[in-house]
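Topology and contacts: notes
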Amino acid sequence: MLQLFLAISAFSALIVAAISRQHHLAVLTLRQSERSLLELIETVPALLWRLAPDGEPIFFNKHMIDFLGLGVTDCEKPGMNRLAATIQTVVHPDDRAGLGDALNASLKTGERFFQRSRMRRADGVYRWIESRAEPMRDWDGVIIQWYGVSVDIDDEVRAQKALQESERQLQQIIDAVPANIWSWTPAGEMSYVSKRYLDYLGLTDANPEDFERVAQALVHPDDIPEVQRTTATCLQTGEAFVMRYRRREKNGSYRWMEGRCEPLRDRDGTIAQWYGVSLDVDDQVQSREELRVAQDNLARASQAASLAELSASIAHEVAQPLAAVVSSSDACRHWLLAEPPNIERAQKTLERILQSANSAVEVVSRIRALFKHSEETRNLAPLGRVISEARDLMAEDASRRSVYMDVEVASDLPLVAFDRVQIQQVLINLIRNAVDAMDTMMSDKVLKVRVHRMEHAIQVEISDRGRGIEVPDRIFEPFFTTKRQGMGMGLAICRSIVESHGGKIWAQKNEPQGAILVFTLPIEPDSSHEPTG
Ligand code: ADP
């Protein structure tokens, strides 16, 4: 019995010892976890704080104390609770009311607290701080504490403000630039329209559908197909574009605009955005046109002046012998009617008449020779070289009038006999007419010169994409012109030159539009080939 009692006691003692060791262990573990929690609270790089249910600050972690330079009990002010005193001490005067109101609302309703405000750091500098707090409730849902965390977001806020400021400045620049600016998505949908452009279109926002409708309605009907084609090509190929078109103003008149658009690509070369600008270039276009007209007038005036000069000198040269013929004839009649007739004197006068008439004939044939070069000035020469010279002479005029010259000369051409100056004159006349014919076109101004060998002749073709020939039967007639300032002599002279070379000249239709002026120069039976290159 005693043995049993002893055994039970020993066992009980063992159990008690074990329980008390376990209790001790549990307390130890709890303390340890409390300590590590405290360590965590003190080391986490955030400002942590705790408030009583009525808002009284009861705990600041070490970071918070270091940041503010104040402990939780350091803000006491007479006649003020500790929360109000703390707010007064640390929050920027402009943000105090906002923070106080938000906090009081949370304390009253138990809803989560969130606020951004400037707080004074220990060194007196105010920094933007973002604060949040959540209530902790007991089993019955009664708030027993508020746990809060504050994060210094000053750098972020400043960066954001700087960004906003630079965006604002950029916007100001965009609005001030005297041009309409827009951007498209890679698929060509409007993504931005500058305010100036919107104001011009009378729109309040950049709704892509409204924009397309309103902007397109202002383009000159003749220019719409070209504008559509250019934009479609640029979206398809990813290439920048520059185009000119006419746009209707509020007063109903049209002005020339220049639209430019370029893609912005990312690192892989994929288009991220299109940026475009359209500028009013009407004054520039008008002054270029005025310059062109002035140059044309000058050229015509000098042509007319030299023609007038030439006519005056011809008249003078022919008038002199003719006057001599008239006066000598008068004298001759006088000697013949005399009683008796003075045959000897009459014969002498007749000789003078003959001399004067001959010198008139000579003047006329000299003038004819001037216009109709004799065969002696014709040499066997490569035609390709004259074509290049004519192209170079016309290049400036063509590019000024936005005409692209495409010249192709076959490499197997034989040498032909021709007067270099005259054939150059033919080429220049035909090229100038082709450029004139495309003057009213907006784009696609292509002038082609093709030279190839036919069986018995070399054939030169000058084609354009202009309106085409309106009166084909009459264009080679002297003085026929449809141009306001034309003389109508160009094609007549071309025909006489080509025909005097044994060639032919004619006009035909170009497809789908425009004209082709063709002339041939006969190949000498034994002529050798042009040197290539
Ligand atoms: P001008 O150029 O002074 O009018 P031309 O004899 O060179 O004199 O031309 C006569 C007319 O022929 C022109 O006014 C024009 O009507 C017509 N013409 C000539 N070339 C072309 C062309 N490439 N396309 C359309 N019409 C043309």
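From a predicted model like this one, the values you see are computed outputs, not experimental measurements.

**Quick look at unusual backbone geometry**
Residue Pro340 is bonded to the preceding Glu339 through a cis peptide linkage, with omega at -10°. You can see Pro340 is positioned in the loop between helix H9 (282-337) and helix H10 (343-371). A cis amide bond links Glu511 to the next residue, Pro512, at an omega of 0°. Topologically, Pro512 is positioned in the loop between strand E16 (505-509) and strand E17 (515-522). For Ser402, which is not glycine, the phi dihedral falls at a positive 55°. Along the chain, the position of Ser402 falls in the loop between helix H11 (383-400) and strand E12 (404-409). Unusually for a residue other than glycine, Asp444 sits at a positive phi of about 60°. With respect to the helices, strands and loops of the structure, Asp444 is situated in the loop between helix H12 (420-437) and strand E14 (446-453).

**Considering helix H5 (residues 154-176)**
The end-to-end C-alpha separation of H5 is 32 Å, in line with the 33 Å expected for 23 residues at 1.5 Å each. Every buried residue of H5 is accounted for by Asp154, Val157 and Ile174.

**Side note on helix H8 (residues 224-237)**
Helix length check: H8 (14 residues) gives 20 Å between terminal C-alpha atoms against 20 Å at 1.5 Å per residue, within 8%. Of the residues making up H8, those classed as buried are Glu226, Val227, Thr230, Thr231 and Cys234. The arc that holds the buried residues of H8, viewed along the axis, is 125°, so those residues lie on one side. Away from its buried face, by an angle of more than 90 degrees, H8 presents the exposed residues Pro225 and Gln236. Close packing links the buried residues of H8 with strand E6 (180-184), strand E8 (241-248) and strand E10 (271-280).

**A word on the pairing of strand E2 (residues 57-60)**
Where strand E1 (residues 47-51) lies against E2, three bridges are found, and the strand directions are antiparallel. Within E2, the residue paired with Arg50 across the bridge is Phe59. Taking the residues that link successive antiparallel strands as the turn, the E1-E2 hairpin has five residues, and the phi of Gly55 there is positive, at about 100°.

**Concerning the side chain of Glu461**
With respect to the helices and strands, Glu461 occurs in strand E15 (residues 457-463). Buried Glu461, no salt bridge; nearest opposite-charge side chain is Arg450, N-O distance 6.8 Å. Within polar-contact distance, the side chain of Glu461 engages the side chain of Gln459 at 3.1 Å. With near-sequence residues (within four places) excluded, Glu461 lies in contact with Lys448, Val449, Arg450, His452, Ile516, Leu517 and Val518.

**Quick look at empty space enclosed by the protein**
One pass over the full model with this rule turns up two cavities of 30 Å³ or more. As for the largest cavity, its lining consists of 17 residues, and the residues nearest its centre are Trp49, Met64, Thr86, Leu99 and Met119. Every element with two or more residues in the lining of the largest cavity is listed here: E1, E2, helix H2 (62-68), helix H3 (82-90), helix H4 (93-109) and strand E3 (113-120). With four residues, the single largest contributor to the lining of the largest cavity is H3. For the lining of the largest cavity, the class distribution of residues is 14 nonpolar, three polar and no charged. As for the second largest cavity, its lining consists of Ile387, Ala390, Arg391, Val407, Leu427, Ile431 and Val449. Contributing elements (two or more residues each) for the lining of the second largest cavity: H11 and H12. The element best represented in the lining of the second largest cavity is H11, accounting for three residues. Residue composition of the lining of the second largest cavity, by class: six nonpolar, no polar and one charged.

Quick notes on the rules
- Residues numbered from 1 in each chain as written.
- Predicted model: local features only at pLDDT ≥ 70, side-chain atom pairs only at ≥ 80, totals over all residues.
- Heavy atoms only, no water.
- Helix = DSSP H or I, 4+ residues; strand = E, 2+ residues; numbered from the N terminus.
- Expected span 1.5 Å × (residues − 1).
- Buried < 20%, exposed > 50% of the residue type's maximum accessible area, 1.4 Å probe, protein only.
- Arc of directions from axis to C-beta.
- Contact = heavy atoms within 4.5 Å.
- Pairing = 2+ DSSP bridges.
- Lys, Arg positive; Asp, Glu negative; His and termini not counted.
- Salt bridge = Lys/Arg side-chain N within 4 Å of Asp/Glu carboxyl O.
- Polar contact = N/O pair within 3.5 Å; in protein donor to acceptor, adjacent residues only side chain to side chain.
- 1 Å grid on protein atoms, 1.4 Å probe; cavity = no way out; pocket = protein on both sides within 12 Å on 5 of 7 lines; lining within 4 Å.
- Points joined across faces, edges and corners; volume = space filled by probe spheres on them.
- Nonpolar A, V, L, I, M, F, W, Y, C, P; charged D, E, K, R; others polar.

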